[in-house]
Amino acid sequence: MKQICDIAVIGRDTASLVAAMLCARWGKRTILIAEQGFASDYEISGYRFSVDPTPMSGFGPSQTCLRLLAELDLPLPDRSRLQRLDPAMQVLLPGCRLDLPAGREALCDELQREFPLLGSEFRSFLSSMQDAVDLFDDWVKANPWIRPSSCKEALRLLRLIPKLLKTKLALMRMTGSRLEKKEPAVKRILEAQRFILSHLHDEGLKSLSSAYAFCLPWRGLYYAAGGRGSLLEPMRKAFQDMGGKIINDGSIVRIRTAAGENEIDLKAGDDVDKILADRMIVSTKWENLAMILLTERKFQRLGRRLRNIRVVRFPFTVQMGVREVGLPERLAPLVAVVSDEKKSVTDRNLLFLQVSRPGDLESAPAGKRAVEVTLFLHESPLRLTNEELRRQIFSELDRLDSFLPFLRENIDYLDIDKSIELARRHQEAINMKYQTKSKPFWGITALGNRTPAPRVFLTGGLLLAGLGYEGEIMAGIQSAQSALAGEGGPRDAARTV
């Protein structure tokens, strides 16, 4: 069977869904190929667990996600289901629990309470971080698509460079100051925050993405009542209501790109369907990207660029249901646990917990809570055996005992084998931690969305890895606007405003 469309999107991550929605919104016949289906929430025994542990941000008034979705007339999340967290996050260290309040002054007060000799340094540092976020907001307002595509947009960026250099100098002063030298715990707190909230990792804390992560507590982190799937399901429905088609019951066996048309062979059962698409958007998370698309000679340079970006940590989440009596009363929904303040958080020294709120009966039965514990592995769970993964899981849970001593005896649901299965099945949808050989000037972008084929574009959280959750949303919009350029699409519309 042959299917013809204007744009085919390959991927089952959030960026691919956003890209497909935008193309359909602009009246294009759009097919979204999500092999094995989307990574939806997992439900069992009254619990509902999310698969991707990335904290949600960018949904405050006039902020990136909310503003761009509104400007592009895409479905907005139900505000009753999206709640701003305060404290935004907790960091647990040996003998110390630090709340990160949802306000800059309150955060300064909390840091000064825990580290009384460093109060003035914290206020100066957080003020510089606010300048960094203001700089980012100014740039996005002037150029919502991040990368300049004209001389006018490039000049706007040049005007912001003095502010950018000032911000980088402030970060450099911080990393060499007594904030870190006198109090090692401070460095661990900043490392944990940056590592969890950004997907672009470097050994220092001097990039703009670091500053952006440090500001997220008062910019806003959000809790989705009923799990992240409660926000993604309406987006998928909206895409189909706009005439979009989702294919999730086949696998791509061949792609041929040409100047006039892209051809995709999709195997479903014993049959092979052919999809002809004028343009194509492909997620960098698609597991067959290198094997199927990059084998063409024209993509060799792109392949080398992708090889310069490596995954340094693989998030792996263990889902469990816990009786409320097993959790501290003041435990926040987002918790970073650092076991040793003298070791880097990347040295198997960080656990990230997401805990459902009391009363969220869509996520857990009454009197119980859904708890997701994320480890950051050195190797992909696809390469590790079940026994190797079990050993790492139990080792990390042992470390967690010293912080949450009543957790284990109050576990109501725990299926290690199911957690392993979910992690392997949904690797394409989970945001990894990336590192690039070169140091991006902004410290935000790892890769552009254009390819050597003029009608093939990339999407995925890797493109704007430094921006965490917001980066994935923006990458989807960015790839769609590139595919629609010159046809009255979103970038063209933005230029007329």
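Structure: above.
Residues numbered from 1 in each chain as written. Predicted model: local features only at pLDDT ≥ 70, side-chain atom pairs only at ≥ 80, totals over all residues. Heavy atoms only, no water.

Sorry if this is basic, but what is going on with the overall build of the protein chain here?
When helices and strands are counted, the protein chain shows 15 helices and 20 strands. Taken over C-alpha atoms, the radius of gyration comes to 22 Å for the protein chain, in line with the 23 Å a tight globule of 497 residues would show. For the protein chain, the C-alpha atoms occupy an extent of roughly 65 × 55 × 40 Å along the three principal directions. With 497 residues in all, the protein chain has 61% of them scored as buried. When contacts within the protein chain are restricted to residue pairs at least 6 apart in sequence, those whose partners lie at least 24 apart make up 71%. Put simply, the protein chain shows about 19700 Å² of open surface, and 50% of that area lies on carbon and sulfur atoms. Once the 72 positive and 62 negative side-chain charges of the protein chain are each reduced to a mean point, those two points are 7 Å apart. (Helix = DSSP H or I, 4+ residues; strand = E, 2+ residues; numbered from the N terminus. Rg over C-alpha atoms; globule rule 2.2 N^0.38 Å. Buried < 20%, exposed > 50% of the residue type's maximum accessible area, 1.4 Å probe, protein only. Contact = heavy atoms within 4.5 Å. Areas by Shrake-Rupley, 256 points an atom, 1.4 Å probe, with all protein chains shown as cover. Lys, Arg positive; Asp, Glu negative; His and termini not counted. Charge placed at Lys NZ, Arg CZ, Asp CG, Glu CD.)

Teacher, can you tell me more about the side chain of Arg-81 here?
By secondary structure assignment, the location of Arg-81 is in the loop between α2 (64-71) and β6 (82-84). For Arg-81, a relative accessible area of 18% corresponds to the buried category. Of note is the side chain of Arg-81, whose polar atom sits 2.8 Å from the side chain of Glu-362. Residues within four places of Arg-81 in sequence aside, it is in contact with Tyr-223, Ala-224, Ala-225, Gly-226, Ser-230 and Glu-362. (Polar contact = N/O pair within 3.5 Å; in protein donor to acceptor, adjacent residues only side chain to side chain.)

What is the right way to read the packing of helix α12 (residues 386-400) against helix α13 (residues 416-425) from this model?
The axes of two packed helices give the description: the angle between them and the distance between them. Contact geometry of α12 with α13 gives a least axis separation of 11 Å together with a crossing angle of 110 degrees. It follows that α12 is roughly perpendicular to α13 by the angle criterion. At the point where α12 passes α13, the crossing takes the right-handed sense. Only Ile-416, Asp-417, Ile-420 and Arg-424 of α13 make contact with α12, whose side of the interface consists of Asn-386, Leu-389, Arg-390, Ile-393 and Phe-394. Across the contact of α12 with α13, the residue classes tally to five nonpolar, one polar and three charged. (Axes fitted to C-alpha atoms, helices over the stretch in contact; angles between N-to-C directions. Parallel < 35°, antiparallel > 145°, perpendicular 65-115°, else oblique. Left-handed = near helix turned anticlockwise from the far one by under 90°. Nonpolar A, V, L, I, M, F, W, Y, C, P; charged D, E, K, R; others polar.)

Looking at this structure, I do not really get the environment of Tyr-222. What am I missing?
Mapped onto the elements, Tyr-222 comes out in strand β9 (residues 221-224). Each C-alpha atom of the pair Tyr-222 and Arg-391 lies 32 Å from the other, and the pair is 169 residues apart in sequence. Filtering out sequence-adjacent residues up to four positions away, Tyr-222 remains in contact with Met-56, Ser-57, Phe-59, Gly-60, Arg-79, Leu-82, Gln-83, Arg-84 and Leu-85. Of the polar contacts made by the side chain of Tyr-222, one reaches the backbone nitrogen of Gly-60; its length is 3.1 Å.

Quick question: what am I supposed to make of the pairing of strand β17 (residues 368-377) here?
Side-chain positions along a regular strand alternate between the two faces of the sheet. Along β17, nine of the 10 residues are buried, which leaves the element largely enclosed by surrounding structure. Where strand β14 (residues 309-323) meets β17, 10 bridges bridge the pair, whose relative direction is antiparallel. Bridge pairing in β17 places Thr-317 opposite Thr-374. Where strand β16 (residues 350-355) lies against β17, four bridges are found, and the strand directions are antiparallel. Note on β17: the bridge partner recorded for Gln-354 is Glu-372. (Pairing = 2+ DSSP bridges.)

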